[in-house]
Amino acid sequence: IQNCMRQKGENKKYNWKWLAGILLLAALVMGIRLFLVESLHLSTDSMETSLHQGDFVLLDKTPFGKHPKRNAIQVFTSPLRKDSIHPPVFVSRCIALPGDTIRVTSTGYQINGKEYPHSPQAQASYFMANQGKDIFIRLLKKLPERSREWKVVEGGITCVLTSFEAYQIKEELPKALQSCFRMYASPEYQFIVPQKDRAYALDSLSLLACREAIQNETNGNAVFKDGKLFIEGKQMNFFFFRQNYYWFLSDYRDVAIDSRHLGIIPEDNIIGRIFFCWYSPDKNNRFTLIK
């Protein structure tokens, strides 16, 4: 009887050790996912063709990963107040840092006066007039890797292409047709990205770009009237932001949601940086570092 009781005691102790080990392992895995690295499945095509819809990537959630570098691909949540209960998650490229003066054009963007062309993989809609439609379609079919879909519009057809694909097509077009092929122009704008504890001069454009951020930082107490900001009835010509902000643009600009729709992104909303793709529907993208 004593041997049986001793054996039961040892089994019980052994079971508790196993349970403690499993709980410790689970806590370790949860800690890694919460604070260090997490695997993420991309359900968006906003970063085509740098990343693909369906890719499995690793996300750096350390403090280093949460402080974006220029051109890094980041994951962040919506800063809009209407999305505060279950804010959606987005993937975009950081193109402007706190304190940067940014000017966005149809061909690229300027940061602090320096020109940064769009990535060769950035996508946009292009138009070909009817007189060049047939040869344009033939050239589309020659492009590798992915299927091409074009849409008939008034006066011609449109198709989504990367900057490099558009360059390839234009090189093969007869000179007489090159003027018939163009990218749809995007609206141009310029403003300064807010920096923590710096005086931010206010005008109608900066108020438009930072309206949501100012409302969040004042707990909804800001009043906007006739292109001016009022807080507690007092007109403000400057505003001091409590945190740093960033500006994001997606590579697939025509369909993606980014800072053009969400505004400036506060650092508190940044989840981390994508640094590695460990599986992709495109075999050439598997096990690749993301720069």
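Use the structure listed above.
Residues numbered from 1 in each chain as written. Predicted model: local features only at pLDDT ≥ 70, side-chain atom pairs only at ≥ 80, totals over all residues. Heavy atoms only, no water.

S.K.: What exactly am I supposed to notice about the sheet that holds strand β10 (residues 156-162) here?
M.R.: Backbone-to-backbone hydrogen bonds pair the strands of a sheet. The strands run either parallel or antiparallel. Taken in spatial order, the four strands line up as β9-β10-β8-β11 in an open sheet, and their pairing is antiparallel. Pairing within the sheet leaves two strands with one partner each, and these edge strands are β9 (150-153) and β11 (181-183). In this sheet, adjacent strand axes meet at a mean angle of 30° when their direction is disregarded. Of the strands in this sheet, β8 (123-129), β9, β10 and β11 are in contact with helix α2 (residues 133-142), which crosses β10 at around 25°. Together, β8, β10 and β11 form the strand contacts of helix α3 (residues 163-172), whose direction differs from that of β10 by roughly 125°. (Pairing = 2+ DSSP bridges. Helix = DSSP H or I, 4+ residues; strand = E, 2+ residues; numbered from the N terminus. Axes fitted to C-alpha atoms, helices over the stretch in contact; angles between N-to-C directions. Contact = heavy atoms within 4.5 Å.)

S.K.: Is there a simple way to explain the packing of aromatic side chains in this structure?
M.R.: The geometry of an aromatic ring pair is captured by the separation of the ring centres together with the interplanar angle, meaning the angle of the planes. A full pass over the atoms with the stated rule returns 11 aromatic pairs. Judged by centre distance (5.2 Å) and plane angle (45°), the ring pair of F56 and W278 falls under tilted. Here F56 is found in strand β2 (residues 56-60), whereas its partner W278 is found in strand β20 (residues 270-279), with 222 residues between them in sequence. A relative accessible area of 27% means that F56 is categorised as partly exposed. (Phe/Tyr/Trp six-rings, centres within 6.5 Å; stacked < 30°, edge-to-face > 60°. Buried < 20%, exposed > 50% of the residue type's maximum accessible area, 1.4 Å probe, protein only.)

S.K.: So what exactly am I meant to see when it comes to the nonpolar core here?
M.R.: Inside soluble globular proteins, nonpolar side chains tend to come together where they are buried. Ranked by size, the top nonpolar core spans 26 residues in total, and within it I102, F191, I214, L229, F241 and W247 carry the most contacts. Counting residues per element, the ones that place at least two in this core are β4 (89-96), β5 (101-104), β6 (108-111), β12 (189-192), α5 (204-217), β14 (222-225), β15 (228-231) and β18 (245-249). For this core, the element with the most residues is α5, which contributes five residues. In contact with F241, other than residues within four places in its own chain, are P194, Q195, K196, D197, R198, Y200, C210, A213, I214 and E217. (Core = buried A, V, L, I, M, F, W, Y, C linked by side-chain atoms within 4.5 Å.)

S.K.: So what exactly am I meant to see when it comes to α2 here?
M.R.: Since the α-helix packs 3.6 residues into each turn, any two residues three or four apart lie on the same face. F136, I137, L139 and L140 are the residues of α2 that are buried. Buried residues of α2 fall within an arc of 160° about the axis and therefore sit on the same side. Residues of α2 that are exposed and angled more than 90 degrees away from the buried face: D134, R138, K141 and K142. On its buried face, α2 sits against β8, β9, β10, α3 and β11. (Arc of directions from axis to C-beta.)

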